Amino acid sequence: MRAPTAGLQTLADDAGRDPPALLLSTAGDPLQTDGDLAWGWRMAARAEAYDTLSQPAKARSTVRQVADGGSSVDLSLRVELLTRAAMNGLKLEQVDRIASSLSSALDRKAPDIVSVACLQIARGEARRLSGAPERAVSLLASAYRLTKRPGRELPHVIATEKLARVLNAAGDHLQAIALIEEVIAWDTAHDRKVALANDLYFRGLFNLTRGAYAAALADFDRSRVRSPRVSDPVGSAYLDLQTCAALIELRRLPAAEPLCRQAQAVFDAWKEPAGAQAQLLRAKMEWMSGRHARALELLDHLLENADRLSSFASAPQAYRLRADVNRAMGRTEGAYQDLERSVRLDERRSAYERTRQTAVLRASFEADRAAARTEELARSLRFARERESEQAQRYRQLAWSAAAGLAMLGTMLVMGVSHRRKLSRAADTDPLTGVLNRRCLIGRERNLLHRDGFSAASTVALLDVDHFKAINDKFGHNVGDEVLKHFAALLASSAGQDDVVARWGGEEFVMVFRHRSEGHALRVLEGIRSRLPEQVEAKVSGMQVRFSAGVTSSTDGEPLHTVIARADRALYRAKELGRDRIEVEDVTASTTSERPRARIDFNPALASAQEANETDTRRRKSAWPGRLIC
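Residues numbered from 1 in each chain as written. Predicted model: local features only at pLDDT ≥ 70, side-chain atom pairs only at ≥ 80, totals over all residues. Heavy atoms only, no water.

## Points about the overall build of the protein chain
Along the protein chain, the regular secondary structure elements total 26 helices and 5 strands. A separation of at least 24 residues holds for 63% of the contacts in the protein chain among residues at least 6 apart in sequence. For the protein chain, the computed accessible surface area is about 31,900 Å², with 53% contributed by carbon and sulfur atoms. (Helix = DSSP H or I, 4+ residues; strand = E, 2+ residues; numbered from the N terminus. Contact = heavy atoms within 4.5 Å. Areas by Shrake-Rupley, 256 points an atom, 1.4 Å probe, with all protein chains shown as cover.)

Set out below in C-alpha cells:
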C-alpha cells in the first residue's frame, strides 16, 4: 500500500534500500509527534525493515505495537499492517479473521484493487508458511494478475516474489526463476540494495534446488556483496548455509567447512531450526573427507532429537548419510536399518510431493481458467453491446424512414403533429441528461423570472460538479456521462413544481426557484448534498461526487444573463474557497469589489414564517403556466 504522504512513502522505500538506517532514524518515537496516522505508517516501514533483515519476531512485535496502541488507524494502514504481519508468521486463523473484517470494510467503500490484492497476498503467504502451497498459489496468482498494471508496482513485486517461492516449492523451478528475475529487475531499477540481496539469495536457492550449483554459487556471492551482515546476522547465516551446500556439491570442502560452522553458531545463538541442516552438512563433509567416526558422532547426535528434523526433508538425508557411514565402517546391519528408514521416509515424501505438486498445478490451472472465463465474459458482453447498438441504430433508421413516409403521404396528421412536438422538445432538451438546455432557458427568460403585472423575486443557483475533469481522466468519459445523468436526475427530483432545472454547459447546471427565497433555495441544495451518496455515488462505481454552487436573487425586470453572472461570481468564490460549498451573492453586489454574503445559517422559526408567507403569496397568484415547458 502507498503511504498517504510523499515523505512517508520515501521512508517506506528506504526499508528496501537501507533498513538499518531506517530503523535508526525511526527509533524512540513514542510521542507520535506528527499524529497517530503518520506514526502508524512509520511503524509499518519499521516492520518492513525488520522483514528485510530476517527478523520476523520484531516485525510482528512492531505491528502489534500499532494495533494495541489504541491510535486511529485508517483502512489502508490496517491492510498494510496485516500484510506485514502475515509475511512474518502471523497465524493463519488470525490472518483470515482480520482479512475478512477488512474485506467487509472495503465492500462498503469505493473499489480499491490494491487493497484487495494486498489482502490476497496476506492470505496466500499465511497459507504458504503454514505448509499449504496448493491453497496459496491461487491467491498469490490472483494478486499477481490484479497488480500487473501501471501504478501498482509495489504490491506486484511482493506478489511476484511470494508466488516464485510457492512455485519453487512445487517443483516448477524455471518458472520460479523467471518470476524472481522480474523482482530483481525492479529492485535494481529502484536501488533497493538490501531487497536485491534477498532476491539474489532466492534465485540462488532456486538454482540450488534444481541442481545448477555453479549458478547458485554465483548468485550467493552477488547477494553476499549487498547483504548487511552486521545488522542481519540470521539472513547472513542462511546465505552461508546455502553457499556451503553449493560448495559441497562442487567438492570444494575446505571453502565450505568454515561457512557451515559459522552458520550453525548463529542459528544456535538465535535458536533457529536451520541449525540442524548446518549440522547435517558438516556430517556430510566429514564423511566425504574420510573422517567416518566424526561423521557418525554428528549424525547420532542429530538423529537423537527427531524434532529438529523435518520428516519430509532432512530426516531421509540424515538416515541415508548414516547408512553410507555405517557401510564405510563395516557396520552392515546398522547400514541396512538406516537405509530402510530412509527409503520409508523417501516414499512418504515422494507421495507428499506428488500430491502437493498436483494440487499446486490444479490451483494454478483453476486460476488461469477463471481468468480466461472472465475475459471470455467480457468479450461476450462487448459483443452483446455492439449488437444492441447496431439494432438500436437500425431501429432508429426504420423509425425515421417511417416518419418521413408518413409525413410525405400525409395520411396521419395527428402523428405528424406529435412528431413535430417531439422534435421541438428534443431541440429544447439536453440529450444526455434529459433536462432543459441553455437555448431553451435563454429563450424563455421573460416567463422564467418575471411576468407582467406581478413583481416577485426569484432565486437562481449555478451548480458545478467538483473535479469533473479528474473523473473523466481517471474513469473515462462514459463514467463522467453517468455522473452527469444521475446528478441531473437528482436536481430534477429535488426541484419544486414551479422550479426549473437546465444544463448550462459541460458540468454546470442552473436551478431557478421561481418566486422563492434564498433560504428555500439553500435548504433544497443542502438536501441535494445529503442525497448525493445514495442517488449518484452508489450508482456510478461508488466514487465520491461533490458540487459547488453560487446562489443569488433576481429583481423584477432584471435580465437573466445579469442574474447568471452574479451567481457565477458566487460559484467562482466557492471554488476558490476549496469547493464542496455554497456561496451566496447579494443582489445589491453590482461589482466584484463589494463585499459578498457568506453561506447562510438558518433560523428555524424565521424560516418557517418566511415559508408560510411564500405559500400565501403563491396562492394569491393569477392563473400561472406552472412548470416551464419550452
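## A word on a nonpolar patch on the surface
Side chains of Tyr336, Leu339 and Val343 sit close together on the surface and give an oily, nonpolar patch of about 300 Å² of accessible area. Within the secondary structure, Leu339 is located in helix H18 (residues 332-409). Assessed through its relative accessible area of 37%, Leu339 is described here as partly exposed. (Patch = residues over 30% accessible without salt bridge, like charges linked within 9 Å, V, L, I, M, F, W, Y side chains within 5 Å. Salt bridge = Lys/Arg side-chain N within 4 Å of Asp/Glu carboxyl O. Buried < 20%, exposed > 50% of the residue type's maximum accessible area, 1.4 Å probe, protein only.)

## Thoughts on the confidence of the model for the protein chain
On average, residues of the protein chain carry a pLDDT of 82, and 80% of them reach 70 or more. Note on residues 591-610: pLDDT is under 50 here. Beyond four places in sequence and across chains, it has 26 contacts. The low-confidence segment residues 616-629 (pLDDT under 50) makes 26 contacts with residues lying over four places distant or belonging to another chain. (pLDDT = per-residue confidence, 0-100.)

## What about the side chain of Arg573?
Topologically, Arg573 is positioned in helix H25 (residues 560-576). Taking relative accessible area as the criterion, Arg573 reaches 16% and is therefore assigned buried.

## Examining helix H24 (residues 518-535)
Compared with the 26 Å implied by 1.5 Å per residue over 18 residues, the 24 Å span of H24 between its first and last C-alpha is a close match. The sharpest bend along H24 reaches about 30° and sits at Arg529, with the proline Pro533 one to four residues further on. When we look at burial in H24, the residues that qualify are Glu518, Gly519, His520, Ala521, Leu522, Val524, Leu525, Ile528, Arg529 and Leu532. (Expected span 1.5 Å × (residues − 1). Bend = angle between axes of the 7 residues up to and from the residue.)

## Looking at the state of the cysteines
As used in these notes, a disulfide is a covalent bond between sulfur atoms, one from each of two cysteines. Counted by the stated rule, this structure contains 1 disulfide. Shown here is the disulfide that connects Cys244 with Cys260, its sulfur atoms set 2.0 Å apart. Judged by the sign of its S-S torsion, about -95°, the cystine formed by Cys244 and Cys260 is left-handed. In this pair, Cys244 sits in helix H13 (residues 233-249) while Cys260 sits in helix H14 (residues 253-270), placing the two residues 16 residues apart along the sequence. Residue Cys260 is classed as buried on the basis of its relative accessible area of 0%. (Disulfide = S-S within 2.5 Å.)

## Let's talk about the packing of aromatic side chains
Overall, the coordinates contain 6 aromatic pairs when judged by the stated rule. An angle of 35° between the planes, with centres 6.5 Å apart, marks the rings of Phe202 and Phe206 as tilted. Linking Phe202 with Phe206, this pair stays in helix H11 (residues 193-209), spanning 4 residues, or about one helical turn. The class for Phe206 is buried, based on a relative accessible area of 2%. Measuring from ring centre to ring centre gives 5.6 Å for Phe487 and Phe509, while their planes differ by 65°; the resulting arrangement is edge-to-face. Of this pair, Phe487 sits in helix H23 (residues 477-494) while Phe509 is found in strand E3 (residues 508-513), placing the two residues 22 residues apart along the sequence. As far as the burial class goes, Phe487 and Phe509 line up, both buried. Ring pairs connect the aromatic residues Tyr201, Phe202, Phe206 and Phe220, which therefore count as one cluster. Its guanidinium or amino end placed over the ring of Trp504, Arg438 lies 4.0 Å from that ring's centre, counting from NZ or CZ. Its end group placed over the ring of Phe547, Arg529 keeps NZ or CZ at 5.2 Å from the ring centre. (Phe/Tyr/Trp six-rings, centres within 6.5 Å; stacked < 30°, edge-to-face > 60°. Lys NZ or Arg CZ within 6 Å of the ring centre and 35° of its normal.)

## Examining the pattern of salt bridges
Summed over the entire model, instances satisfying the criterion amount to 40 salt bridges. Put simply, Arg128 and Glu125 hold a salt bridge, and the shortest N to O gap is 2.8 Å. One end of the pair, Arg128, and the other, Glu125, are both in helix H7 (residues 113-129), 3 residues apart, so they sit about a helical turn from each other. Assigned by exposure class, Arg128 and Glu125 land together as buried. One salt bridge connects Asp338 with Arg322, and the closest N-O pair in it is separated by 2.8 Å. Of this pair, Asp338 sits in helix H18 while Arg322 sits in helix H17 (residues 314-328), and the two are 16 residues apart along the sequence. Under the relative-accessibility criterion, Arg322 is labelled buried at 14%. Through salt bridges that share partners, Glu48, Asp51, Glu80, Arg84, Asp187 and Arg192 make up one connected network.

## Points about unusual backbone geometry
The backbone of Asp191 sits at a positive phi, close to 55°, despite the residue not being glycine. Within the secondary structure, Asp191 is located in the loop between helix H10 (173-189) and H11. Of the residues examined, Asp191 reaches a relative accessible area of 42% and is grouped as partly exposed. Located in the positive-phi region is His467, a residue other than glycine, with phi close to 55°. Considering the arrangement of structural elements, one finds His467 in the loop between strand E1 (459-465) and helix H22 (468-475).

## Comments concerning H14
End to end, H14 covers 26 Å across 18 residues, agreeing with the expected 26 Å (1.5 Å per residue, within 8%). Among the residues of H14, those classed as buried are Leu253, Ala256, Leu259, Cys260, Ala263, Gln264 and Phe267. Angular distribution of buried residues about the axis of H14 spans 135°; they occupy a single face of the element. Away from its buried face, by an angle of more than 90 degrees, H14 presents the exposed residues Pro254 and Ala269. (Arc of directions from axis to C-beta.)

## With respect to the packing of helix H15 (residues 275-288) against helix H16 (residues 292-304)
Closest axis-to-axis distance for the H15/H16 pair is 7 Å, and the angle between their directions is 160°. Classed by the angle they form, the pair H15 and H16 counts as roughly antiparallel. H16 is crossed by H15, and the crossing has left-handed handedness. Of H16, the residues touching H15 (which contributes Ala276, Gln279, Leu280, Arg282, Ala283, Glu286 and Trp287) are His292, Arg294, Ala295, Leu298, Leu299, His301 and Leu302. A class-by-class count of the residues in the contact of H15 with H16 yields 8 nonpolar, 3 polar and 3 charged. (Axes fitted to C-alpha atoms, helices over the stretch in contact; angles between N-to-C directions. Parallel < 35°, antiparallel > 145°, perpendicular 65-115°, else oblique. Left-handed = near helix turned anticlockwise from the far one by under 90°. Nonpolar A, V, L, I, M, F, W, Y, C, P; charged D, E, K, R; others polar.)

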